[in-house]
4 protein chains.
Amino acid sequence: MAGNTFGTLYKLTSFGESHGRGVGGIIEGVMPGLFLDLEFIQNELNRRRPGQSEITTPRDESDQVEFISGVFEGCATGTPLAFVIWNKDQKSGDYDNLKDVYRPSHADYTYQSKYGIRDHRGGGRSSARETIARVVAGAVAKLMLKQFGVSIQAFTSQVGEIKLNKPYQDLDLLMAENNIVRCPDADTAMLMIQYIDDIRREHDSVGGVITCIIRNTPTGLGEPVFDKLHALLAHAMLSINAVKGFEYGSGFVAAGMRGTNHNDEFYINEGRVRSRSNFSGGIQGGISNGEDIYFNVAFKPVATVLKEQKTVNKQGDEVVMKAKGRHDPCVVPRAVPIVEAMAAMVLADAFLINNSYNSVP
Amino acid sequence: MAGNTFGTLYKLTSFGESHGRGVGGIIEGVMPGLFLDLEFIQNELNRRRPGQSEITTPRDESDQVEFISGVFEGCATGTPLAFVIWNKDQKSGDYDNLKDVYRPSHADYTYQSKYGIRDHRGGGRSSARETIARVVAGAVAKLMLKQFGVSIQAFTSQVGEIKLNKPYQDLDLLMAENNIVRCPDADTAMLMIQYIDDIRREHDSVGGVITCIIRNTPTGLGEPVFDKLHALLAHAMLSINAVKGFEYGSGFVAAGMRGTNHNDEFYINEGRVRSRSNFSGGIQGGISNGEDIYFNVAFKPVATVLKEQKTVNKQGDEVVMKAKGRHDPCVVPRAVPIVEAMAAMVLADAFLINNSYNSVP
Amino acid sequence: MAGNTFGTLYKLTSFGESHGRGVGGIIEGVMPGLFLDLEFIQNELNRRRPGQSEITTPRDESDQVEFISGVFEGCATGTPLAFVIWNKDQKSGDYDNLKDVYRPSHADYTYQSKYGIRDHRGGGRSSARETIARVVAGAVAKLMLKQFGVSIQAFTSQVGEIKLNKPYQDLDLLMAENNIVRCPDADTAMLMIQYIDDIRREHDSVGGVITCIIRNTPTGLGEPVFDKLHALLAHAMLSINAVKGFEYGSGFVAAGMRGTNHNDEFYINEGRVRSRSNFSGGIQGGISNGEDIYFNVAFKPVATVLKEQKTVNKQGDEVVMKAKGRHDPCVVPRAVPIVEAMAAMVLADAFLINNSYNSVP
Amino acid sequence: MAGNTFGTLYKLTSFGESHGRGVGGIIEGVMPGLFLDLEFIQNELNRRRPGQSEITTPRDESDQVEFISGVFEGCATGTPLAFVIWNKDQKSGDYDNLKDVYRPSHADYTYQSKYGIRDHRGGGRSSARETIARVVAGAVAKLMLKQFGVSIQAFTSQVGEIKLNKPYQDLDLLMAENNIVRCPDADTAMLMIQYIDDIRREHDSVGGVITCIIRNTPTGLGEPVFDKLHALLAHAMLSINAVKGFEYGSGFVAAGMRGTNHNDEFYINEGRVRSRSNFSGGIQGGISNGEDIYFNVAFKPVATVLKEQKTVNKQGDEVVMKAKGRHDPCVVPRAVPIVEAMAAMVLADAFLINNSYNSVP
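Conventions used here
Along each chain, residues carry numbers from 1 onward, in the same order as the chain's sequence is written. Ligands are numbered from 1 and chains lettered from A, in the order in which they are written. For a predicted model such as this one, the threshold for reporting local features is a pLDDT of at least 70, and the threshold for listing and counting side-chain atom pairs is 80 or more; totals across whole chains, interfaces and linings nevertheless cover every residue. Computation of side-chain values covers all heavy atoms of the structure but excludes hydrogens and water. Secondary structure elements follow DSSP: runs of H or I of four or more residues count as helices, runs of E of two or more count as strands, with numbering from the N terminus. Computation of the radius of gyration draws on C-alpha atoms, with the globule rule given as 2.2 Å multiplied by the number of residues to the power 0.38. Buried means the residue's accessible area, taken with a 1.4 Å probe over protein chains only, is under 20% of the maximum for its type, while exposed means over 50%, and partly exposed covers the values in between. For cavity detection a 1 Å grid was placed over the protein atoms alone, and a set of points counts as a cavity when a 1.4 Å probe fits there but cannot get out; an open set counts as a pocket when protein lies on both sides within 12 Å along at least five of seven lines, with lining residues being those that have an atom within 4 Å of a point. Grid points are joined across faces, edges and corners, and a volume is the space filled by probe spheres set on the points. For this scheme, ten residues count as nonpolar: Ala, Val, Leu, Ile, Met, Phe, Trp, Tyr, Cys and Pro. Four count as charged, namely Asp, Glu, Lys and Arg, and the remainder, Gly too, count as polar. Between N or O atoms, a polar contact is any pair within 3.5 Å; within protein, one atom must be a potential hydrogen donor and the other a potential acceptor, and residues adjacent in sequence are included only when both atoms are from side chains. Here the rule is simple: two strands pair whenever DSSP picks up at least two bridges between them. A residue counts toward the fit only if its pLDDT is at least 70 in both copies, and the copies are then superposed by least squares on the C-alpha atoms of those residues. Throughout, a contact is declared for two residues whenever any of their heavy atoms are within 4.5 Å. Note on geometry: axes are C-alpha line fits, over the in-contact stretch for helices, and angles between N-to-C directions span 0 to 180 degrees. Salt bridges are counted wherever a side-chain nitrogen of Lys or Arg sits within 4 Å of a carboxyl oxygen of Asp or Glu. Defined in terms of a 1.4 Å probe, buried area is the accessible area two parts forfeit on being brought together, summed over both. Throughout this description, any angle smaller than 35 degrees is read as roughly parallel, any larger than 145 degrees as roughly antiparallel, any in the 65 to 115 degree range as roughly perpendicular, and the remainder as oblique. Each helix crossing is assigned a hand: it is left-handed if the near helix lies turned anticlockwise from the far helix by less than a right angle, otherwise right-handed if that turn is clockwise. For a helix, the expected span equals 1.5 Å multiplied by the number of residues minus one. Within 6.5 Å between ring centres, the rings of Phe, Tyr and Trp (the latter by its six-membered ring) count as paired, and their orientation is classed by plane angle as stacked under 30 degrees, edge-to-face over 60, tilted in between. The rule for a charge over a ring is simple: NZ of Lys or CZ of Arg within 6 Å of the ring centre, and within 35 degrees of the ring normal. pLDDT is defined as a per-residue confidence score from the predictor, taking values between 0 and 100. Only buried residues count toward a nonpolar core, which is a set of Ala, Val, Leu, Ile, Met, Phe, Trp, Tyr and Cys residues joined through side-chain atoms within 4.5 Å.

Here we look at the overall build of chain A
Now for step 1: Secondary structure assignment for chain A yields 7 helices and 19 strands.
Now for step 2: For 361 residues, the compact-globule estimate of 2.2 N^0.38 gives 21 Å, and chain A sits close to it at 21 Å.
Now for step 3: A principal-axis box enclosing the C-alpha atoms of chain A has dimensions of 65 × 50 × 35 Å.
Now for step 4: By the burial criterion, 70% of the 361 residues in chain A qualify as buried.

Here it is as structure tokens:
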């Protein structure tokens, strides 16, 4: 298997399965001397943790991160930061009956077909539990980015049929953390929570959309042509489990617009080049222009539903299966910190690459 | 500048500016012995070429590809395939008045800000002329993929307000090449052509959507976690000039769906595992499952409009500018082969990576 | 810090410091289904372990490897193999007096200068303890290579003034493991052991040479131009602590030879192309030709000697220091498995890359 | 074929065959704004050119470099620098009789075996003509390094039995360019020239050694563990055609030395940490310490000798062959600029990587 590393200079190489010994990774490219705020990192993990509310899976995995290397007297030394989150509280027995069954819209069949062997327990490597490593590496990236004033904030903007219809500029994004669905508009949040709760009672699941806003980015981040900043963000987001789509700035709406309306007029504000509108989403030609970067990420409904489903097994028989265990009816609230983490890694990497030739006299 | 290489084993490293000497690249990972069908490759370039119809820019750049290395007696030797398309017919004078002006929603300002120097003529490296190299590398990838029966076909599914509303299964995709807008439905094509023509007369531009279908992919392509097949497709598509969004399978629609409707039920057909629906878009857990892969790519309206626009210049003055020259009112029809090319490169690379450990006894 | 990953498809990303919590890594590219022979892997670690004999440091670190992911029912699943060897038995106190002192010919000064911060205990990341991770990844690579009959065997061919002067073809390489200095010639081994023991009594240290032989390699391994098989071996070997030189085949002797003597005449043996002599060292144009691959690796004397030495400290004062603790007078015997491990990783990676396009129809 | 790219941020991707249309490459990572001194670059190519003296092959290929992209008004823009040197003066007919013959100690057999197809003319991709691209990329790297005062100077230190036995500190290295063998000691140079001339008359060839000195390197270059500065230099040097060995600092001599003699004592000179001796060769723990970096590179005798040799052909017959055409009896004098070029690329890359996190506040 290839593809377990993300990034060029700021890099995460991740490992781990859902029901193995643990999940973790190695982070490279961390600025030597950076204070590793363990409380902040753990708090990011807690935002992703199952069991934080009645609408997320009741597993309380706690997910304590343990750093193994790269830290000395509280600070990053510049050497690789290895970390692990040991698995606890797995109920692998919940999966015994699914050992040879290909769950619909899961990765069971494709893993078996590709590798000829798979750890079926809880989805193994394909489980969303893998995203824990991303949250840790993203938290460290955020600590780096904070030093430049860059802030990254994501929130739930759609759950099934319930959409948040206000522009992000009209919202206090910090309010997103005040409710369990992570929507910064209290009224919409309430509707979403009710909606998910109804779905849960029906033993069904539902999709949603996360919107992410990155503020105070300097100009110059992103490498043109194949590694445009938004291409890396798209890569990052689509690599998250259950993601089906990505759009930045005007996104799919742009397809219906005209150039005269879509173009962002430049002007000078306090000696700085600014644009009046921002359909460009803060990125032009793949390089940040200093305006807000914003994008949407679409999530499909969770594939595990607590109902009978038809499918096939490894032996080639058509069978009926029913999932057991504890599952989110909607992953979106818990995916908010994951979206932020991947965005932070992309930005930290872009910073380092941009610095490499920027700082040469 | 980093980011001029795409791919891991099947790789394109590209070079060139719009008004420099030429555009080209180096392709690595080509199967030794592959017959390099130059007519096919040139035909792919012709599909991208400006001036092919009344709705595209009237420049006839001809764009003849010239291979410099890697070919012996008509076949690829396995060594790097270098190629160049010499620039002709540039009217750099059209850009003299824009030397220091930052065109709205172009990359002028960000390049200047990042590099402190730029070739302003025709957008330089940020010009869509760079995509020529992608079409060549994609054509060679298609020749490789043909040997496995894989077919890749893209078409225009939206232009501004005109949408093609039929499922792709009901269309004869080959018909897309029968009209200048590359929409496989003749009636919709006519509406689109009329629409673009109207926009052109108004000296405006418009966006659109391209849909791409990949058929006959074997199971097992794509590397889970960070290099999921659809994450690489997203990266590839968002790296194309003017692209604002990507969705595969059910895409953004999935956000409003329920798991019980969205899940793709497996069954056995002629001894093979198949799925009845295909909301997964042929990819599960980042790995192809053998069903059709399909995705949508959103394009913004062309930033160059032949009207006066307010902006700023390098000196920090607010100015009024007006573009001259020959420009497409809608890039979508010419972007169809570019979308296919990037998809072909992703697939060829996935083939090679999958082979690397598959073939070990 | 970059540079913690070795390999393209068969990859080790390593982490860990000498006196931190542990040392380990993540291995990618392991053939799915490979039986992970833990006894073999542990045995390789034991060959590297300190304290195995009177001529190596008396630390008995035991060095038990613990796999965290990528294994299911005893076999590799194809997902990343993460492992850790927890540090025990460190006497960090031995280094307290050296906190701010730059030990001569160690990496203390360069790390401090580059990172502005360092874990000084036992050399931190620059300690040879880091090579544990290489031995594990090399052992797994050996398990893969065994399936093709490839064997890799290194031995001590020089210690200080004592040289083994027989051609490797006249030796039974397996005998190298029968003595503590790992020289396959019993008489020379005895001289070497005596020599090291004398050096140890004088509180001094000494260098040496390791020779490595790779047999039964198929033709076709190695990628020409920049990634010639011997260039990757050189990179691998020079990345080992204390290594000062690498030569393969005829090596530095070739500089004094003539073409008519140096050329390896081809002939046909049992239908296979063979060469009568093998000054090429089994590699021509960077690609294996099926003959034995052999090379020499030069090691400098251990920088830590138990005598007073002049040096400077972080504050810029000239000081006199004396190392405490337990140190090898000669690293060469314990470096034998490290040389083999790095060679195995290079070969396993070359196998995977060669397969990637070889197996395409 | 993989392996056509060298470097991480400062990168050369090369292409081209000996008797194809040309040889060239794409350089990435060039500092935007760098003045591209074409005269200097061409002069470096002239140093490598065949036919410069009576002891090199009489082909006068002229080798004019042509830049295709990345330059605007004389300066690098930061975008990829593509270049080509068109092939002229090839006498492919000289190779007709060798179409199916595997020349001893050449890459004919291994290429055929690996790829199943090869351009046999002049060795195709395996020809040393490929090194032209390295010289161009190295010249551009030198222009970057000059801005920091770094100088790189290589010279011939051995030809067959003739060795230059003075320490490099006692030589005026600039004198190396004053004679055709590129040895800075005039007397030794004369002996070497006579020696090569004798070999040439005997239709034989001979090997040699190149020594390279890098001065004024700042501390901090090189990435520890796998990408130690000397490991990258070793990789770079062993990737040059005909190279059989590499040693830096004390090199193979270190194997016979004791720690007390080999250790480089630190002291303070003008407020800077310096070492009295420099057995470390300017690199400790893989990171430059500011002292001179120096290393030796061993070359085998040219494989092409103008005498009859026994070998086999593609059909499996044992045959007798005799090379025609124009060939160097000793490649070492012309390889001097190639060694410098590869060293310059390694250093430029190390600069960029080191800058990436160094410049972050």
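Considering the layout of surface pockets
Residue and element names in this part refer to chain C.
Now for step 1: Estimated volume of the second largest pocket: approximately 850 Å³.
Now for step 2: Contributing to the lining of the second largest pocket are 27 residues, with Leu164, Thr211, Glu247, Val253 and Asn296 lying nearest its centre.
Now for step 3: Broken down by secondary-structure element, the contributors of at least two residues to the lining of the second largest pocket are strand 8 (151-159), strand 10 (208-215) and strand 16 (293-299).
Now for step 4: Across the lining of the second largest pocket, the residue classes tally to 14 nonpolar, 9 polar and 4 charged.

Comments concerning the side chain of D:Ser288
Residues and elements named next belong to chain D.
Now for step 1: Checked against the element boundaries, Ser288 lands in strand 16 (residues 287-288).
Now for step 2: Residue classification places Ser288 among the buried positions, given a relative accessible area of 0%.
Now for step 3: A polar contact is formed between the side chain of Ser288 and the backbone oxygen of Pro218, at a distance of 2.6 Å.

Quick word on the pairing of strand 18 (residues 308-313) of chain B
Residues and elements named next belong to chain B.
Now for step 1: As defined by bridge partners, strand 8 (residues 101-102) adjoins strand 18 across 2 bridges and the pair is classed as antiparallel. Paired with Val101 across the two strands is Asn313, which belongs to strand 18.
Now for step 2: In the sheet, strand 18 pairs with strand 19 (residues 318-322) via 5 bridges, with the strands oriented antiparallel. Directly across from Lys310, in strand 19, lies its bridge partner Val320.
Now for step 3: Where strand 18 folds back onto strand 19 in an antiparallel hairpin, the turn is made up of 4 residues, including Gly316, whose phi is positive at roughly 90°.

Section: the relation of the copies chain B and chain A
Now for step 1: When chain B is fitted to chain A, the best match, at an RMSD of 0.0 Å, comes from turning it 180° and sliding it 0.0 Å along the axis. Seen this way, the second copy is the image of the first under a two-fold rotation axis. If distances are taken from each C-alpha of chain B to the rotation axis, the shortest is found for B:His235, at 2.4 Å.
Now for step 2: Both copies contact each other with a shared surface, as 100% of the interface residues of chain B are interface residues in chain A too.

A closer look at the sheet that holds strand 11 (residues 208-215) of chain A
Now for step 1: The sheet built from 10 strands is open, its strands ordered 10(A)-9(A)-11(A)-17(A)-12(A)-12(B)-17(B)-11(B)-9(B)-10(B) with antiparallel pairing. With partners counted over all chains shown, the strands left at the sheet margins are strand 10 (162-163) of chain A together with strand 10 (162-163) of chain B, one partner each.
Now for step 2: Seen against the sheet, helix 4 (residues 186-201) of chain B touches strand 9 (151-159) and strand 10 of chain B and runs at an angle of roughly 55° to strand 9 of chain B.
Now for step 3: Helix 5 (residues 229-238) of chain B rests against strand 12 (243-248) of chain A together with strand 12 (243-248) and strand 17 (293-299) of chain B of the sheet, and its axis sits at about 160° to strand 12 of chain B.

Points about the pattern of salt bridges
Now for step 1: The tally for this structure, following the rule as stated, stands at 91 salt bridges over all chains.
Now for step 2: The partner of A:Arg118 in a salt bridge is A:Asp108, with the nearest N and O atoms 3.4 Å apart. Within this pair, whereas A:Arg118 is found in the loop between helix 2 (108-115) and helix 3 (131-146), its partner A:Asp108 is found in helix 2, the two being separated by 10 residues in sequence. For the residue pair A:Arg118 and A:Asp108, the accessibility class agrees, reading buried in each case.
Now for step 3: B:Glu130 is the salt-bridge partner of B:Arg134, the closest N and O atoms lying 2.5 Å from each other. When sorted by exposure, B:Arg134 lands in the same class as B:Glu130, which is buried.
Now for step 4: Each of A:Glu44, A:Arg47, A:Lys142, A:Glu177, A:Arg182 and A:Glu340 takes part in one network of salt bridges that share partners.

Describing the sheet that holds strand 2 (residues 11-16) of chain D
Residue and element names in this part refer to chain D.
Now for step 1: Taken in spatial order, the 5 strands of this open sheet run 1-2-3-7-4, and their pairing is antiparallel. Of all the strands in the sheet, just strand 1 (5-6) and strand 4 (66-67) have a single pairing partner and so form its edges.
Now for step 2: In this fold helix 3 (residues 131-146) packs onto strand 2, strand 3 (22-28), strand 4 and strand 7 (81-86), with an angle of close to 30° to the strand it touches most, strand 3.

Focus on the interface of chain B and chain A
Now for step 1: Every contact between the two is made by 106 residues of chain B and, on the other side, 106 residues of chain A.
Now for step 2: Between chain B and chain A, the buried area comes to about 8,000 Å², and carbon and sulfur atoms account for 59% of it.
Now for step 3: Of all residues in chain B, B:Lys114, B:Phe226 and B:Lys244 give up the largest surface area on contact with chain A, accounting jointly for 11% of the area buried on that side.
Now for step 4: Counting across the chain B and chain A interface gives 4 salt bridges.
Now for step 5: As a salt-bridge pair, B:Glu202 and A:Arg258 come within 2.6 Å of each other at their nearest N and O atoms.

A closer look at the packing of helix 7 (residues 332-358) of chain A against helix 7 (residues 332-358) of chain D
Now for step 1: Between helix 7 of chain A and helix 7 of chain D, the shortest axis-to-axis distance is 7 Å and the interhelical angle comes to 120°. It follows from the interaxial angle that helix 7 of chain A and helix 7 of chain D lie oblique. Remark: the crossing between helix 7 of chain A and helix 7 of chain D carries right-handed chirality. Only D:Leu352, D:Asn355, D:Ser356 and D:Tyr357 of helix 7 of chain D make contact with helix 7 of chain A, whose side of the interface consists of A:Leu352, A:Asn355, A:Ser356 and A:Tyr357.

Examining the environment of C:Ile283
Residue and element names in this part refer to chain C.
Now for step 1: Along the chain, the position of Ile283 falls in strand 14 (residues 283-284).
Now for step 2: Judged by its relative accessible area of 3%, Ile283 is buried.
Now for step 3: With sequence-adjacent residues up to four places away left out, Ile283 is seen in contact with Leu229, His230, Leu233, Tyr248, Ser288, Asn289 and Ile293.

Quick look at helix 3 (residues 131-146) of chain B
Residue pairs three or four apart in sequence face the same way in an α-helix, which turns once every 3.6 residues.
Now for step 1: The first and last C-alpha atoms of helix 3 of chain B sit 22 Å apart over 16 residues, in line with the 22 Å expected at 1.5 Å per residue.
Now for step 2: Within helix 3 of chain B, 15 of the 16 residues are buried, leaving the element largely enclosed by the surrounding structure.

What about the packing of helix 1 (residues 38-48) of chain B against helix 3 of chain B?
Residues and elements named next belong to chain B.
Now for step 1: Running from amino to carboxyl end, helix 1 crosses helix 3 at an angle of 135°, the nearest separation of the two axes being 9 Å. With respect to each other, helix 1 and helix 3 are oriented oblique. Of the two elements, helix 1 crosses helix 3, and the hand of that crossing is right-handed. Here Phe40, Ile41, Glu44, Leu45, Arg47 and Arg48 of helix 1 lie close against helix 3, whose contacting residues are Thr131, Ile132, Val135, Val136, Ala139, Val140, Lys142, Leu143 and Lys146.

Digging into the packing of aromatic side chains
Now for step 1: Inspection of the entire model under this criterion finds 40 aromatic pairs over all chains.
Now for step 2: For the ring pair C:Tyr102 and C:Tyr109, a centre distance of 5.3 Å and an interplane angle of 55° mean the geometry is tilted.
Now for step 3: Here the aromatic cluster, defined as three or more aromatic residues joined through ring pairs, consists of A:Tyr102, A:Tyr109 and B:Phe266.
Now for step 4: Directly above the aromatic system of B:Tyr248 lies the positively charged group of A:Lys244, at a separation of 4.0 Å from the ring centroid.

Observations regarding the confidence of the model for chain A
Now for step 1: Looking at chain A as a whole, the pLDDT averages 94, with 97% of positions reaching at least 70.
Now for step 2: Among the prediction metrics, the complex's ipTM stands at 0.97, with pTM recorded as 0.97.

Some details on the nonpolar core
Now for step 1: Ranked by internal contacts, the top residues of the largest apolar core, which has 401 residues, are A:Met237, A:Phe295, B:Phe295, C:Phe295, D:Met237 and D:Phe295.
Now for step 2: Once you skip the residues sitting within four places of it in the chain, A:Phe295 turns out to touch A:Ile210, A:Thr211, A:Cys212, A:Ile214, A:Leu233, A:Met237, A:Phe246, A:Glu247, A:Tyr248, A:Val339 and A:Ala343.

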